[in-house]
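What the coordinates show
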Amino acid sequence: MITCSVCGHLNDPSNLICEECGSDLSDSPDWGVDFDDDDWE
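Residues numbered from 1 in each chain as written. Predicted model: local features only at pLDDT ≥ 70, side-chain atom pairs only at ≥ 80, totals over all residues. Heavy atoms only, no water.

Along the backbone of the protein there are 0 helices and 2 strands. Relative to its full complement of 41 residues, the protein shows a buried share of 20%. A separation threshold of at least 6 residues defines the contact pool for the protein, and within that pool the share at least 24 residues apart is 15%. Here the protein displays about 3,100 Å² of accessible surface, and carbon together with sulfur accounts for 47% of that area. (Helix = DSSP H or I, 4+ residues; strand = E, 2+ residues; numbered from the N terminus. Buried < 20%, exposed > 50% of the residue type's maximum accessible area, 1.4 Å probe, protein only. Contact = heavy atoms within 4.5 Å. Areas by Shrake-Rupley, 256 points an atom, 1.4 Å probe, with all protein chains shown as cover.)

Moving on, we come to the side chain of Ser23. In this structure, Ser23 sits in the segment after β2 (10-11). Here Ser23 is in contact with Cys4, Val6, Leu16, Ile17 and Cys18, once residues within four sequence places are set aside.

Its place among the elements puts Cys7 in the loop between β1 (2-3) and β2. Setting aside residues up to four positions removed in sequence, Cys7 forms contacts with Cys18, Glu20 and Cys21.

Worth remembering: the numbers are spatial, not functional.
Laid out in structure tokens, this is it:
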């Protein structure tokens, strides 16, 4: 998940903009981080 750096909303990794506030998610520190399914087990 990508955390919006503006509003803190958790967005799907495929989103380019925050579905809550519309901010550009490329500003997020989570941007470009690959998560494996194993990370959530």
